[in-house]
Every structure is written in C-alpha cells, then in structure tokens.
Amino acid sequence: MQFSIPPTAAVPALQERIDGKTKPPGSLGQLERLAMQIGQVQQSLAPALDRPHLLVFAGDHGAARAGVSAFPQEVTWQMVENFLAGGAAINVFARHNGLRLQVIDAGVAHDFGVRQGLVDAKIAHGTRNYLEQAAMSSHQRDTALARGAAIARQLADDGCRVLGFGEMGIGNTAAATLLTHHLTGTPLADCVGRGTGLDDAGLARKQALLAQAARRAALPADADPLTVLAEFGGFEIAMIAGAMLAAAERRMLLLVDGFIVTAALLVAAGLAPNIRDYCVFCHRSAEAGHLAQLRALHAEPLLDLGLRLGEGTGAALAWPLVRAAAAFLNEMASFESAGVSGQG
C-alpha cells in the first residue's frame with residue numbers, strides 16, 4: 001500500500017500564506033510546521049477540521065494473566081464501563097475539547113451486550129498467550145485490520161476530517177514493547193517500561209517474560225510487520241493500525257497518542273511508510289519504549305507532560321494546539337490585509 005501527500009503547487013502557496021501573516025517568519029515555531037502539514041494533508045489553503053473523533057479501541061491479552069501487568073485483566077472491561085459512563089480521563093478531556101468519543105470493543109474478554117456508545121467489533125474474547133503461541137491467527141489479524149479500516153471509512157463518509165486514537169487493554173504495554181523491539185530493532189531491555197505501575201520486582205518479571213516470548217517466536221530481524229503483529233499484538237492494536245491506514249487513504253489527519261497507539265503506527269508504517277505524513281505526534285510518553293518509537297519514525301511530539309495513561313489522553317490534550325494551527329492559517333490577518341508593513 002502506497003500513498004503520500006502529492007508535491008503540488010499547494011506547498012509553496014501554503015508557505016507563502018503562512019509567511020505572510022502579521023508575525024516574523026517562523027515565530028510561531030512548531031505551529032507553523034503543523035499548519036503546513038494540515039494544509040498539505042487536505043491540499044487546501046483554508047483547511048477545515050470538521051467532525052473530529054477520538055476512537056478508543058479495547059481488547060484483552062492472553063499474556064496478561066501471566067503477570068506482565070500490575071492490574072488484573074478484569075480492569076479492561078471495568079474501564080470500558082467507565083468510558084461508557086463518561087467517568088474516565090479521556091471522557092473528561094474529549095468532552096472539554098470538543099472531540100466526539102467512540103469506544104470500540106475489539107476483543108475484550110467480557111460480554112457487554114448491546115450498549116449505547118459501544119461499537120461491537122469483537123474478534124474474540126482476548127488474544128492467545130504469546131508466551132506459548134502466536135497471539136492471533138492470520139485470519140484474526142486480517143479481520144481486525146479490516147474492521148478498523150471500515151470504522152475509519154464510515155467516519156470519513158460522515159464528514160470526519162480528523163481522527164484521534166486511544167486504547168484500553170490490560171497487558172497492552174507488554175504487547176507494544178514486543179512490537180517495538182521487533183519493528184525498530186531496539187534492544188528489548190530498552191523498550192520495557194512499568195506500564196500501569198509495576199514495582200522493581202514486577203518490572204524484572206515483565207522483562208523475563210517478554211524475553212521468553214521473543215525466544216519462543218524466534219522471528220528474524222527482518223520479519224514483516226504483519227507477522228510481528230500476529231505473534232505479539234492485540235486486537236485493539238491491529239484495529240488501530242487498520243483504521244490509521246484507511247484514514248490516511250481518505251486524507252484524514254491522524255492524532256497519534258502514546259506508546260500503544262504508536263506501536264500500531266509502526267505496523268501501519270511498515271505497510272505504508274508515507275503514512276507518517278498524515279500523523280500528528282501528540283505527546284512524548286513516559287513509557288520507556290516510546291522514545292525508540294519516535295526516533296524510528298523521526299517524530300517530534302507536540303507535548304511532553306510525563307503522561308503514561310493511554311486512552312487517547314495525550315491526543316485529546318494536544319487537540320487545542322492542532323485547532324490553533326489551523327485557526328491562525330485561516331483567520332490571522334496578513335500584512336497586506338492589515339495594512340502592516342512587512343520586513344524590508
């Protein structure tokens with residue numbers, strides 16, 4: 001799959017429009033680069049950030065019961081209930097920043113029934129234990145990718161121009177660690193973090209278990225991203241990757257959250273390297289492996305707040321900056337329109 005922002009006449013026109021605003025050139029720093037990106041994605045001098053959505057994909061991991069997380073697996077479905085009740089951090093931030101929130105059951109080990117606000121896209125009741133076998137079959141992986149893509153395409157059809165991504169799944173930092181290790185070549189020890197709050201003993205156990213999983217799979221250094229995803233990924237991670245690919249195909253701006261969402265992006269970028277052009281990297285996570293991910297993707301995040309919650313919280317917090325970048329491009333006066341003298 002290949003797609004990219006085409007090098008058209010819009011690029012110099014965008015730069016001229018940005019430089020012509022009533023400010024010294026470059027004085028809005030990273031916001032100017034962000035405005036250029038937004039304009040390029042939409043191929044417009046006056047981009048519109050219509051109907052922004054934040055999708056939270058939830059799924060369980062078979063390896064969670066082996067001790068790779070500080071929290072029991074039941075917390076996944078309990079937090080989904082919290083999302084549906086409007087009580088989680090992402091609900092608060094999305095509500096206050098004007099983002100429409102959707103929760104997707106990608107593979108939670110719980111039966112929710114028909115619920116308002118919950119999209120049932122369940123592949124299975126959690127993945128298999130990757131300490132013993134591949135986390136998912138190739139059919140499950142491809143189905144998850146396709147369901148994520150279908151969700152993004154439907155939103156695009158409904159007029160959505162911006163898609164943010166979040167996740168929930170006890171054990172998914174461990175899965176993201178293995179994905180990051182294999183897809184970036186970073187030593188496993190440099191990718192392992194405390195996740196939901198492991199103490200030193202728990203961290204050591206997590207490191208040992210993930211090393212065991214890597215030995216079990218014995219993947220070559222050049223393993224393709226789909227194989228790596230099937231071996232270690234979660235249904236929520238696979239669905240995010242599929243949604244990202246479809247959203248970029250439809251020229252949507254992608255708001256990339258932290259460690260787990262960026263692991264999904266590594267998969268998507270392995271399939272379509274130019275997807276990075278559509279991505280706003282919203283924050284730098286405190287999770288150890290996120291730095292390796294950002295380095296591999298040559299990404300500079302907007303925020304660095306020490307976050308490690310997930311749920312899409314970093315994306316929601318960065319959203320006002322994205323809006324500000326589009327707003328100055330669309331609304332700020334030019335030297336000519338304001339009658340202000342520019343540089344001589």
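From a predicted model like this one, the values you see are computed outputs, not experimental measurements. Every chain begins its residue count from 1, and numbering advances along the sequence as written. With the structure being a predicted model, the display of local features is reserved for residues of pLDDT at least 70 and the display and counting of side-chain atom pairs for 80 or more, all residues being used for whole-chain, interface and lining totals. Water and hydrogen atoms were dropped before computing side-chain values, which therefore reflect all heavy atoms in the structure.

## With respect to the overall build of the chain
And step 1. Helices and strands together make up the secondary structure of the chain, namely 14 helices and six strands.
And step 2. Every radius of gyration here is taken over C-alpha atoms, with the globule rule written as 2.2 Å times N^0.38, N being the number of residues. A compact globule built from 344 residues should have a C-alpha radius of gyration of about 20 Å, and the chain, at 20 Å, falls within 12% of that.
And step 3. When accessible area is computed with a 1.4 Å probe and restricted to protein chains, residues below 20% of their type maximum are described as buried, those above 50% as exposed, and intermediate ones as partly exposed. Buried residues in the chain amount to 55% of all 344 residues.
And step 4. The contacts in the chain between residues at least 6 apart in sequence include a share of 74% that link residues at least 24 apart. For the purposes of this entry, the term helix denotes a DSSP run of H or I that reaches at least four residues, the term strand denotes a run of E that reaches at least two, and both are numbered from the N terminus. The contact criterion used is simple: two residues touch if any of their non-hydrogen atoms lie within 4.5 Å.

## Some thoughts on the side chain of Asp60
And step 1. In this structure, Asp60 sits in the loop between strand S1 (53–59) and helix H3 (75–85).
And step 2. We note that Asp60 is buried and unpaired, the nearest opposite charge coming from Arg65 at a distance of 7.0 Å.
And step 3. In this structure Asp60 touches Gln73, Thr76, Gly107, Val108, Ala109, Gly126, Thr127 and Ile170, once residues within four positions along its chain are discounted. A residue counts as positive if it is Lys or Arg and as negative if it is Asp or Glu; His and the chain ends are not included. Salt-bridge detection follows one rule: a side-chain nitrogen of Lys or Arg within 4 Å of a carboxyl oxygen of Asp or Glu.

## Side note on helix H11 (residues 259–271)
And step 1. How far a helix is expected to stretch is found by multiplying one less than its residue total by 1.5 Å. Compared with an ideal rise of 1.5 Å per residue, which puts 13 residues at 18 Å, H11 spans 19 Å between its outermost C-alpha atoms and is within 8% of the ideal.
And step 2. Counting buried positions over the 13 residues of H11 gives 11, a clear majority of the element.
And step 3. Here H11 has its buried residues at Phe259, Ile260, Val261, Thr262, Ala263, Ala264, Leu265, Leu266, Val267, Ala268 and Ala269.

## A short note on the pattern of salt bridges
And step 1. Inspection of every chain in the model, using the stated rule, returns 10 salt bridges.
And step 2. The salt bridge partner of Glu32 is Lys23, with a shortest N-O separation of 2.9 Å. In this pair, the class of Glu32 matches that of Lys23, namely buried.
And step 3. Salt bridges sharing partners connect three or more residues here, namely Arg284, Glu300 and Asp304.

## Details of the pairing of strand S4 (residues 162–168)
And step 1. Where burial is concerned, most of S4 is hidden: seven out of the seven residues are buried.
And step 2. Neither face of S4 is exposed, since Val162, Gly164, Gly166 and Met168 on one face and Leu163, Phe165 and Glu167 on the opposite face are all buried.
And step 3. Whether two strands pair depends on DSSP finding at least two bridges between them. Direction of pairing for S1 relative to S4: parallel, over a ladder of six bridges. Across the sheet, Val56 pairs through a bridge with Gly166, a residue of S4.
And step 4. The sheet contact formed by S4 and strand S5 (residues 253–256) spans three bridges and is parallel. Paired with Leu163 across the strands is Leu254, a residue of S5.

## Structural notes on the sheet that holds S1
And step 1. With parallel pairing, the six strands of this open sheet are ordered in space as S3-S2-S1-S4-S5-S6. Of all the strands in the sheet, just strand S3 (118–120) and strand S6 (279–281) have a single pairing partner and so form its edges. Across the sheet, the axes of successive neighbouring strands diverge by a mean angle of 25°, strand direction being ignored.
And step 2. Here S1 runs beside strand S2 (residues 100–107); their pairing, made up of seven bridges, is parallel. If you follow Leu55 over to S2, its bridge partner there is Gln102. Orientation is described by axes fitted as lines to C-alpha atoms, over the contacting stretch for helices, and by angles from 0 to 180 degrees between their N-to-C directions.

## Let's talk about helix H10 (residues 235–249)
And step 1. Across its 15 residues, H10 extends 21 Å between first and last C-alpha, which sits within 8% of the 21 Å expected from 1.5 Å per residue.
And step 2. Positive phi appears at Arg251, one or two residues downstream of H10, with a value of about 60°.

## Considerations on the environment of Val256
And step 1. Inspection of the secondary structure puts Val256 in strand S5.
And step 2. The exposure class assigned to Val256 is buried, which follows from its relative accessible area of 0%.
And step 3. In this structure the C-alpha to C-alpha distance between Val256 and Cys282, which are 26 residues apart in sequence, comes to 5.7 Å.
And step 4. For Val256, the residues in contact, after removing those within four places along its chain, are Met244, Val261, Thr262, Leu265, Cys279, Val280, Phe281, Cys282 and His283.

## Describing the pairing of S1
Walk down a regular strand and you will see the side chains alternate between the two sheet faces.
And step 1. For S1, the buried fraction is high: seven of the seven residues fall into the buried class.
And step 2. The alternating pattern of S1 places His53, Leu55, Phe57 and Gly59 and Leu54, Val56 and Ala58 on opposite faces, both of which are buried.

Function cannot be read off these values alone, since they describe shape.
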